[in-house]
Amino acid sequence: MKKLILLFCGLMIPALSNAQGTLVFQNNSPTLVQIQFWPDAPFPATTAYDAHVELYWAPLGTTDYNLFQLATTPVTVGVPLAGAFAGGTRTINGIAPGDVVSCYIRGWFGGPTWEAAVWGNYSSIFTVDIGNPFSAPLEPPGNITSTTTPFTGLIIFIPEPSSATLLLVGGALVRFWRSVS
């Protein structure tokens, strides 16, 4: 019996010391990723816009976006429906099972990475209750849309062109027109 207890402790201590938590990284109909061209109404993003999202996390109560860590690789928006993403269950190192963490989602379109994107935006900070596979009964992975403070969606805004930009474009067109005539 002592050997069995020692074996159990020998297997569990390393597993618990490398803290990991799991969560479900997907949204639903009320939490769609949308694109809004000013002044039109927002509409759900589709794969035609090459939209992507990724999840960031930090200890509960963190409010500075610079202190969050990347938790997932980018996921394409518009699969399986417009505005939806299905990133599946993700394991995040550094989150202890059963913890509640702060998270936000960064979304963009027009490029495969945030740095190459045309436009992007951040969601508001929300919390996720990470499941605990070591508890009895087993706690399933947390879901970003069904927590105390859930993910409520993301709108990527495309601002109105500035007056200076419109004047420059107009001036360039007038100059081009005069050079052609």
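Quick look at the structure, then. Quick caveat: nothing in here was measured; it's all calculated off a predicted structure. Residue numbering note: each chain is counted from 1, following its sequence as written. Restriction of local features to residues with pLDDT of at least 70 applies here, the model being predicted, together with a cutoff of 80 or more for giving and counting side-chain atom pairs; totals for whole chains, interfaces and linings are based on all residues. For side-chain calculations, the full set of non-hydrogen atoms in the structure is used, while hydrogens and water are omitted.

1. Some details on the overall build of the protein chain
Right, on to step 1. Helix and strand definitions follow DSSP, with helices as H or I runs of at least four residues and strands as E runs of at least two, each counted in order from the N terminus. Scanning the protein chain from N- to C-terminus turns up two helices and 12 strands.
Right, on to step 2. For the protein chain, the N- to C-terminal ordering of α and β elements is α-β-β-β-β-β-β-β-β-β-β-β-β-α.
Right, on to step 3. Per-residue accessibility, obtained with a 1.4 Å probe over protein chains only, is compared with the maximum for each type, and a residue is labelled buried under 20%, exposed over 50%, and partly exposed between these values. Relative to its 181 residues, the protein chain shows a buried fraction of 34%.
Right, on to step 4. Using a 1.4 Å probe, accessible areas were evaluated by the Shrake-Rupley method; residue-level cover was limited to the displayed protein chains. Surface summary for the protein chain: the accessible area is close to 10700 Å², and the carbon and sulfur share equals 64%.

2. Things to note about the packing of aromatic side chains
Right, on to step 1. Centre distance within 6.5 Å is the pairing criterion for rings of Phe, Tyr and Trp, where only the six-membered ring of Trp is used; planes under 30 degrees apart are then read as stacked, over 60 as edge-to-face, and the remainder as tilted. Throughout the structure, instances matching the rule amount to 16 aromatic pairs.
Right, on to step 2. Taking the centre distance of 6.2 Å and the plane angle of 50° together, the rings of Phe37 and Tyr49 count as tilted. On the criterion of sequence distance, the pair formed by Phe37 in strand E2 (residues 33-37) and Tyr49 in the loop between strand E3 (43-44) and strand E4 (52-59) is long-range, its members being 12 residues apart.
Right, on to step 3. Here Phe37 falls in the partly exposed class, since its relative accessible area comes to 28%.
Right, on to step 4. What makes Tyr49 partly exposed here is its relative accessible area of 27%.
Right, on to step 5. Both rings, one in Phe37 and one in Phe109, keep their centres 6.5 Å apart while their planes meet at 75°; by these two values the pair is edge-to-face. With Phe37 in strand E2 and Phe109 in strand E8 (residues 100-109), this pair connects stretches of sequence that are 72 residues apart.

3. Examining the pairing of strand E1 (residues 20-26)
Right, on to step 1. DSSP-based pairing: two strands are paired if at least 2 bridges between them are found. For E1 and strand E7 (residues 86-93), the ladder comprises six bridges, and the chain directions are antiparallel. Bridged to Thr22 within E7 is Thr91.
Right, on to step 2. Relative to strand E11 (residues 142-143), E1 is paired through two bridges, and the arrangement is parallel. Looking at E11, one finds that Val24 is bridged to Asn143.

4. Looking at the environment of Thr76
Right, on to step 1. Topologically, Thr76 is positioned in strand E6 (residues 75-76).
Right, on to step 2. Considering only alpha carbons, one finds Thr76 and Trp108, 32 residues apart in sequence, at a separation of 9.9 Å.
Right, on to step 3. Should any heavy atoms of two residues lie within 4.5 Å, those residues are counted as being in contact. Apart from residues lying up to four places away in sequence, Thr76 is in contact with Thr47, Ala51, His52, Ala84 and Phe85.

5. A short note on the sheet that holds E11
Right, on to step 1. The strand order across the open sheet built from three strands is E7-E1-E11, with neighbouring strands paired in mixed fashion. In this open sheet, the two strands that pair with only one neighbour each are E7 and E11.

6. Examining the sheet that holds E2
Right, on to step 1. Reading across from one edge, E3-E2-E12 is the order of the three strands in this open sheet, with mixed pairing throughout. Looking at strand neighbours, the two that pair on one side only are E3 and strand E12 (154-158), the edges of this open sheet.
Right, on to step 2. Bridge count between E2 and E12: five bridges; the pairing is parallel. Directly across from Val33, in E12, lies its bridge partner Leu154.

7. As for the nonpolar core
Right, on to step 1. One finds Phe25, Val53, Leu55, Phe85, Ile105 and Ile144 to be the most contacted residues of the largest nonpolar core, which totals 27 residues.
Right, on to step 2. Broken down by secondary-structure element, the contributors of at least two residues to this core are E1, E2, E4, E8, strand E10 (126-129) and E12.
Right, on to step 3. A total of four residues in this core trace back to one element, the largest contributor, which is E8.
Right, on to step 4. Discounting chain neighbours no more than four positions away, the residues touching Val53 are Phe25, Val33, Thr73, Pro74, Val75, Val77, Phe85, Ile105, Arg106, Gly107, Trp108 and Leu154. In these notes, a set of buried Ala, Val, Leu, Ile, Met, Phe, Trp, Tyr and Cys residues joined through side-chain atoms within 4.5 Å is what counts as a nonpolar core.

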